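Take a look at the letters that make up each chain.
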Amino acid sequence: MSDSLSIQNLHASVDGNEILKGLSLEIPKGEVHAIMGPNGSGKSTLSKVLAGHEDYEVTEGTALMDGEDLLALEIDERSRAGFFLAFQYPHEIPGVSNANFLRAALQARLPKGEEIDAVGFYKEMYEKMDALSMDRKFTGRFVNDGFSGGEKKRNEILQMMMLEPKYAVLDETDSGLDIDALKIVAEGVNRMRSPERGFLVITHYQRLLDYIVPDVVHVMFDGQIVKTGDKSLALELEEKGYDWVTEELAVSA
Amino acid sequence: MSTTLSKAESETKPEQAVPWFAAPPVHDIALDLPTWYTEHQSESWDRFLDLPDPVRKDENWRFADLRKVRFSELVAARPVDNVETLVQRAKKERVEHFAAHYVFANNRLVYSEVADLPDGAVCLPINEALVQHGDLVKEHFMKEGETLGGEKFSALHGAATLSGLFIQVPRGCVIEKPVLIHHFSGGDFQAVFPHTLITANENAQVSVMEFFESVGDSEQNLVIGQVDLVADQGGNIQYVSLQDLSDLGPKHVQINSSRAGRDAKIKSAFVNLGASWVRNESINRMQGTGSDCQIYSANLANGSQEYDQRTLQSHEAQHTTSDLLFKNALYDDARTIFSGLIQVQPGSHYTDSYQTCRNLLGSETAEANAMPGLEIDADQVKCSHGSTSGQISDEEIFYLQARGIPAEDARKMISLGFMNESISQLTGDEIKAHLFDRVARKFRGLDQ
Ligand SMILES: Nc1ncnc2c1ncn2[C@@H]1O[C@H](COP(=O)(O)OP(=O)(O)OP(=O)(O)O)[C@@H](O)[C@H]1O
Ligand SMILES: [Mg+2]
């Protein structure tokens, strides 16, 4: 399938320990998929493998973005090709202002010799910050430096809105957000939903999925997708806990 | 251990040095100078002749490469002939809004432009100030008795200086925009001696930015500058030195002295990008209750550049505060030395004092030395000092790359950000932007 983010039989390890153990997942353009799964099941590992983090070694499997081999690209090439990861723990970059950072990220997408239009850039950034109820002072502040947990997450969504990716993975963007912030961020994501864009939302809480309603819900366990369903699966999980899935797995094994 | 050390030292001990100068390097401005000044000059010259060259045994010269401070056959700088080009350069490389702008080339004033100086503020080349306001100059001129090792340089400076600016801001007067001073220097074995004397009287305020630039390329010239900053009660001074001399050749010594009276604030900064060897000394005395000194530095050293910086934060009254943040980014075989001392003098209770030196090592062969120090003789004191050295973390690069920024650009951005942490502490958006751009320009030229 060429109009999707397609992951087949993905195996990845860190320091020789296998964490992703044959994971398969397909997110067609226009859909929102959610992944839920216990701590340590490998959700963030999946997101970082897709982003190209060098700590993780892919030993088997493929990941294609609209038919293009994502794993063959450098980290920055993946981003420019349209992949975006909103980090669970965004890094701090002291001394680099948020505005300069975003500008450099957009500049990197332009052909050589072409300069970003500064006026248009600020206008767009302010609009998007307003949509996320982010104070203008965040443009001058250093990237994530001294930001609260919730402010960092909002900043990730701002970056996503500015970079307009084809596929976005949101790794626990909801954790650390108060209920108002959660609604604002969900609204931002919903405004970006389009037939041209796919989302993978990693979360522990059904609550987020009330605001960002998923088309498909996956359950991840020990490095694999073990169950897939519609949004009622999230409700069922919340009610019965992960034991229910593991017990079911044990029965079918 | 100690025997080998002293043996090595005696082996490398230089033969009794030839004097750096054959005669006092006073330049040729004919003036009716006050007697106190000419006496100070000749006393300074005698002291210069008496003082030994720096030696390695001296704690104040620890880690310094003393081969870089052996001089001979130096002369006072001679006039340059391409003055017009220099003035154009100075006009191109300045912040847009300023109160006044002075350009010196090899000790001589070659251009001045007063844009927006409030009434009452005195802003004059020091040689004119000596003639017109001799007593005002005398009150604070080179009054700091101590140095942090640079006494021979300071004595020479005292014997020679006749260029630079005298600024006196009277009580309650605020100079909103910065005063800019360019010092161009060049010519092999020629020396310049810029002096800056800034006094802010009660509740007065001024910001000064000084630029050190080379006339030519790779000339073996020497700059020995000294800066006196004196803020009376409630006074506020910011002083920024941007040293961007040619990378190969020029050597730059600058000795800053700050004295803050009651509730006064003095912010001073060294930004070093050029020169083959730099020695910065910064003595900060918080003399009045509630006074505050902030000292910042951002230094980008590559090739075989050596930046040697020594500081003193001396708390001499109660409720005084000070903060120091020095940042060095080093590449190739560059060396930096930071030696800082916080002294809380007896009875200076309720002092808050901080001192941080951070080094970003961009190569295996670069060498950053840091010697933080603390002496406390008071109660209810909050002090901290520390230094770190490290490389850019892979996680930071990953984060930028994950947003589409190529690894090489990511490194440069992070390094620039590292320097900017110090620059961003200064006051004035145009000043900060100018410094940021100058540092960025040097980064662009580096292969990391
Ligand atoms: N860089 C690493 N080095 C060592 N172990 C790692 C590394 N990254 C992940 N792991 C391990 O891989 C497993 C999966 O971690 P991962 O962060 O992907 O889980 P997760 O599903 O995102 O958990 P959480 O819900 O707590 O965020 C864990 O056991 C973790 O300790
Ligand atoms: Mg995780």
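Presented here is an overview of the structure given in this document. Predicted, not measured: the structure shown is a model, and the values here were computed from it.

Okay, the sheet that holds strand S10 (residues 198-202) of chain A next. All names here are of chain A. Strand order in this open sheet of 6 strands is S6-S9-S10-S3-S11-S12, and the pairing throughout is mixed. With partners counted over all chains shown, the strands left at the sheet margins are strand S6 (83-86) and strand S12 (224-229), one partner each. If you compare each strand with its neighbour and ignore which way they point, the axes differ by 20° on average. Relative to S10, strand S9 (residues 167-171) runs parallel, the two being bridged by 5 bridges. For Leu-170, the partnering residue across the bridge sits in S10 and is Val-201. Contacts from helix H8 (residues 232-240) reach strand S3 (32-36), strand S11 (216-221) and S12 within the one sheet, and its direction differs from that of S11 by about 40°.

Take unusual backbone geometry next. Residues and elements named next belong to chain A. Even without a glycine there, the phi angle at Asp-66 is positive, about 45°. By the element assignment, Asp-66 lies in the loop between strand S4 (57-65) and strand S5 (68-69). On the accessibility criterion, Asp-66 (19% relative accessible area) is buried.

This brings us to the coordination of the magnesium ion (ligand 2). All names here are of chain A. The magnesium ion (ligand 2) binds to the protein through Ser-44 (OG) and Gln-88 (OE1), with metal-donor distances spanning 2.0 to 2.2 Å. In this pair, Ser-44 is assigned in helix H1 (residues 43-51) and Gln-88 in the loop between S6 and strand S7 (93-97), connecting sequence segments 44 residues apart. Given a relative accessible area of 15%, Gln-88 falls into the buried group.

A word on the sheet that holds strand S9 (residues 205-214) of chain B. All names here are of chain B. Taken in spatial order, the 10 strands line up as S3-S2-S6-S9-S11-S13-S15-S17-S19-S21 in an open sheet, and their pairing is mixed. Strands at the two margins of the open sheet, each flanked by one partner only, are strand S3 (108-114) and strand S21 (382-390). Mean inter-strand twist for the sheet, computed between neighbouring axes without regard to direction, equals 10°. Pairing of strand S13 (residues 265-272) with strand S15 (residues 292-301), which is carried by 8 bridges, proceeds in the parallel orientation. By the bridge assignment, Ala-269 is partnered in S15 with Tyr-296.

Time to look at the packing of aromatic side chains. Two numbers describe a pair of aromatic rings. These are the distance of the centres and the angle of the planes. All names here are of chain B. A full pass over the atoms with the stated rule returns 19 aromatic pairs over all chains. Aromatic pair Trp-20 and Phe-48: ring centres 5.4 Å apart, planes at 70°, arrangement edge-to-face. Here the residue Trp-20 occupies a position in the loop between helix H1 (2-12) and helix H2 (35-50), and Phe-48 occupies one in helix H2, the gap between them amounting to 28 residues. Residue class for Trp-20 comes out buried when judged on its relative accessible area of 1%. On the accessibility criterion, Phe-48 (1% relative accessible area) is buried. Seen in terms of ring centroids, Phe-21 and Phe-193 are 6.2 Å apart; in terms of plane orientation they differ by 50°. Their pairing is tilted. Of the two residues, Phe-21 is situated in the loop between H1 and H2 and Phe-193 in the loop between strand S7 (190-192) and strand S8 (194-200); the sequence distance between them amounts to 172 residues. When its relative accessible area of 0% is taken as the criterion, Phe-193 is described as buried.

Conventions used here
Note that residues are indexed from 1 along each chain, following the sequence as it is written. Just so you know, chain letters begin at A and ligand numbers begin at 1, following the order they were written in. Selection of residues for local features in this predicted model requires a pLDDT of at least 70, selection of side-chain atom pairs for listing and counting requires 80 or more, and totals for whole chains, interfaces and linings are taken over all residues. Computation of side-chain values: all heavy atoms of the structure, hydrogens and water removed. Two strands pair if DSSP finds at least two bridges between them. Each helix is a run of DSSP H or I of at least 4 residues and each strand a run of E of at least 2, with the numbering of both proceeding from the N terminus. An axis is simply a line fitted to the C-alpha atoms; with a helix, the fit covers only the stretch in contact. Between two such axes, the angle follows the N-to-C directions and lies from 0 to 180 degrees. Contacts between residues were defined by any pair of non-hydrogen atoms, one from each residue, lying within 4.5 Å. Think of it in three bands: with a 1.4 Å probe and only protein chains considered, a residue is buried below 20% of the maximum accessible area for its type, exposed above 50%, and partly exposed in between. Each metal site lists N, O and S donors within 2.8 Å (3.2 Å for Na, K and Ca). With water left out of the atoms, a site can look as if it is missing ligands. Side-chain rings of Phe, Tyr and Trp, where Trp is taken by its six-membered ring, are said to pair if the distance between their centres is within 6.5 Å; with planes under 30 degrees apart they count as stacked, over 60 as edge-to-face, and otherwise as tilted.

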